[in-house]
Amino acid sequence: DAPYGFSRGEVRIDSADALPADDSFPFAVERTDPRKVLFIDDGRHPNALLYFRAALDSTGDSAFQLETMRAEQAAATQLSHYSFVVLNNLGSMPGGFDDALRAYVRGGGSALVVLGPASVAMAKVPITGEAIEAATYAGREGERFYAVSEIDTGHPVLRNVERFAGVKFYQAVRVTPAKSVVMARLNDQTPLILEQQFGEGKVLVMTSTFDKEMNDLPLHAAWVPFVVKSADYLGGGGTEQE
């Protein structure tokens, strides 16, 4: 086993050919403990956790260790122990918890905020504070679903999702972006994925759920790279674990 931290290595072949310069290849590896991820929800939509965990564990390298809590429990937890946190379709926040989340992100932590039907009860997006207007539905009088029409394929999180081609979005939560950058929109111009730099940290907001009720994203090939790249992007710059 390699020691903790970075180790240097080299691959060599004994070819004895006319070009010895390409007979070796240097590389470096880093051994670390799995980074902790806190998944916070109300327990009413277990499929979101199921799909998220399956995607996160799909790489097989155990880079992340997922823990789940209710918001009331998380409010009393030391958030700095986690590489990033996921807020899944919360309808309310315990007193002072939003301030604790803001302090955590401002100090270098990261968060993935997933909005759903329960979130409409809140006037603002957790942490970012941007206004939640209402839920938007694909009605029978028009298109029965929305599709992604604009996407920033240069962003690390969205580089390998194939523009979410074929994914059907039946519902999304409409958010007014004030300080956030919109990275993906639906074809009715509803922001789907937003990002905001917040102090030393960052927040990603997804305006449609992970539980297959507001979309069929977890059934598509884009789901795993979206979750894995989001975790790498948010977790790579998180606070130090204790």
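Located above this text is the structure these notes cover.
Being a predicted model, the structure only gives us computed values, none of them experimental.

*Asks:* Sorry, what's going on with the overall build of the protein here?
*Replies:* Helix and strand counts for the protein come out as four helices and 12 strands. Overall, the protein is about 70 × 45 × 30 Å in size when its C-alpha atoms are taken along their principal axes. Within the protein, residue pairs in contact and separated by at least 24 positions form 67% of the contacts whose partners lie at least 6 positions apart. Considering the protein, the positive charge centre built from 22 side chains and the negative charge centre built from 32 side chains are found 5 Å apart.

*Asks:* How should the sheet that holds strand β8 (residues 148-151) be read in this particular structure?
*Replies:* Ordered by their spatial adjacency, eight strands build an open sheet running β4-β3-β5-β6-β12-β11-β10-β8, and the pairing between neighbours is mixed. Strand pairing shows two members of the sheet lacking a second neighbour, β4 (64-69) and β8, which therefore form its edges. Pairwise comparison of adjacent strand axes, ignoring direction, gives a mean angle of 15 degrees for this sheet. As paired strands, β8 and strand β10 (residues 181-186) are joined by three bridges and run antiparallel to one another. The residue bridging Glu150 from the neighbouring strand is Arg185, located in β10. Docked against the sheet, helix α1 (residues 46-56) engages β3 (35-40), β4, β5 (84-88) and β6 (110-114), running at close to 170 degrees with respect to β4. Sheet strands touched by helix α4 (residues 223-235): β3, β4, β5, β6, β11 (191-198) and β12 (201-206). Its angle to β12, the strand with the most contacts, is close to 155 degrees.

*Asks:* Got a minute to help me understand a nonpolar patch on the surface in this structure?
*Replies:* A cluster of nonpolar side chains, contributed by Val11, Phe25, Phe27 and Val29, occupies part of the molecular surface with about 370 Å² of accessible area. When residues in the nonpolar patch are grouped by element, the largest group, three residues, is from strand β2 (residues 24-31). With respect to the helices, strands and loops of the structure, Val29 is situated in strand β2. For Val29, a relative accessible area of 38% translates into the label partly exposed.

*Asks:* Where do I start with the pattern of salt bridges in this structure?
*Replies:* Where charged atoms of side chains with opposite charge meet at close range, the side chains can pair. Taken as a whole, this structure holds six salt bridges when the rule is applied. As a salt-bridge pair, Glu10 and Arg12 come within 2.9 Å of each other at their nearest N and O atoms. Residue Glu10 is classed as partly exposed on the basis of its relative accessible area of 39%. For Arg12, a relative accessible area of 66% puts it in the exposed group.

*Asks:* Teacher, can you tell me more about the environment of Phe210 here?
*Replies:* By the element assignment, Phe210 lies in the loop between β12 and α4. The spacing of Phe210 and Met93 is 117 residues in sequence and 20 Å in space, taken between C-alpha atoms. The residues touching Phe210, leaving out its near neighbours within four places in the chain, are Asn47, Ala48, Tyr51, Phe52, Leu112, Val114, Pro218, Trp223 and Phe226.

*Asks:* How do you make sense of the nonpolar core when you look at a structure like this?
*Replies:* Soluble globular proteins: nonpolar side chains tend toward being buried together. Judged by nonpolar contacts, the single largest core of 68 residues is most densely connected at Phe52, Leu158, Phe164, Ile193, Phe210 and Phe226. It is α1 that contributes the most residues to this core, six residues altogether. Sequence-distant contacts of Phe226, defined by excluding residues within four places in its chain, comprise Val157, Leu158, Val161, Phe164, Ile193, Met206 and Phe210.

*Asks:* Sorry if this is basic, but what is going on with the environment of Glu213 here?
*Replies:* Of note, Glu213 is situated in the loop between β12 and α4. Glu213 sits 42 residues away from Gln171 along the chain, and the two C-alpha atoms are 8.4 Å apart. The contact partners of Glu213, leaving out residues within four places of it in the chain, are His45 and Tyr170.

*Asks:* Mind showing me how you'd approach the packing of aromatic side chains here?
*Replies:* Geometry of an aromatic ring pair is reported as the spacing of the ring centres plus the angle between the planes. Across all of its chains, the model carries six aromatic pairs by this definition. Arranged with centres 5.8 Å apart and planes meeting at 70 degrees, the rings of Phe164 and Phe226 form a pair that is edge-to-face. With Phe164 in the loop between β8 and β9 (171-175) and Phe226 in helix α4, this residue pair connects regions lying 62 residues apart in the sequence. We note that Phe164, like Phe226, is buried. The structure contains a cluster of three or more aromatic residues connected by ring pairs, namely Phe39, Phe52, Phe164, Phe210, Trp223 and Phe226. Stacked on the ring of Phe145, the Lys or Arg Lys168 has its end atom at 5.1 Å from the ring centre.

*Asks:* Before we go on, may I ask you to explain the pairing of β12 in this structure?
*Replies:* For a regular strand, side-chain orientation follows a simple rule: the groups alternate between the two sheet faces. Judged by how many residues are buried, β12 sits mostly within the fold: six of six residues are covered. By the alternation rule, side chains of β12 split into Gly201, Val203 and Val205 and Lys202, Leu204 and Met206, which are all buried. By the bridge criterion, five bridges tie β6 to β12 in an arrangement that is parallel. Pairing of Val113 across the sheet is with Val205, part of β12. In this sheet, β12 lies alongside β11 in antiparallel orientation, the contact comprising six bridges. Its bridge partner being in β12, Leu194 is matched across the sheet by Val205. In this structure, the hairpin formed by β11 and β12 is closed by a connection of two residues, where Gly199 is found at a positive phi of approximately 65 degrees.

What counts as what
- Residues numbered from 1 in each chain as written.
- Predicted model: local features only at pLDDT ≥ 70, side-chain atom pairs only at ≥ 80, totals over all residues.
- Heavy atoms only, no water.
- Helix = DSSP H or I, 4+ residues; strand = E, 2+ residues; numbered from the N terminus.
- Contact = heavy atoms within 4.5 Å.
- Lys, Arg positive; Asp, Glu negative; His and termini not counted.
- Charge placed at Lys NZ, Arg CZ, Asp CG, Glu CD.
- Pairing = 2+ DSSP bridges.
- Axes fitted to C-alpha atoms, helices over the stretch in contact; angles between N-to-C directions.
- Patch = residues over 30% accessible without salt bridge, like charges linked within 9 Å, V, L, I, M, F, W, Y side chains within 5 Å.
- Areas by Shrake-Rupley, 256 points an atom, 1.4 Å probe, with all protein chains shown as cover.
- Salt bridge = Lys/Arg side-chain N within 4 Å of Asp/Glu carboxyl O.
- Buried < 20%, exposed > 50% of the residue type's maximum accessible area, 1.4 Å probe, protein only.
- Core = buried A, V, L, I, M, F, W, Y, C linked by side-chain atoms within 4.5 Å.
- Phe/Tyr/Trp six-rings, centres within 6.5 Å; stacked < 30°, edge-to-face > 60°.
- Lys NZ or Arg CZ within 6 Å of the ring centre and 35° of its normal.

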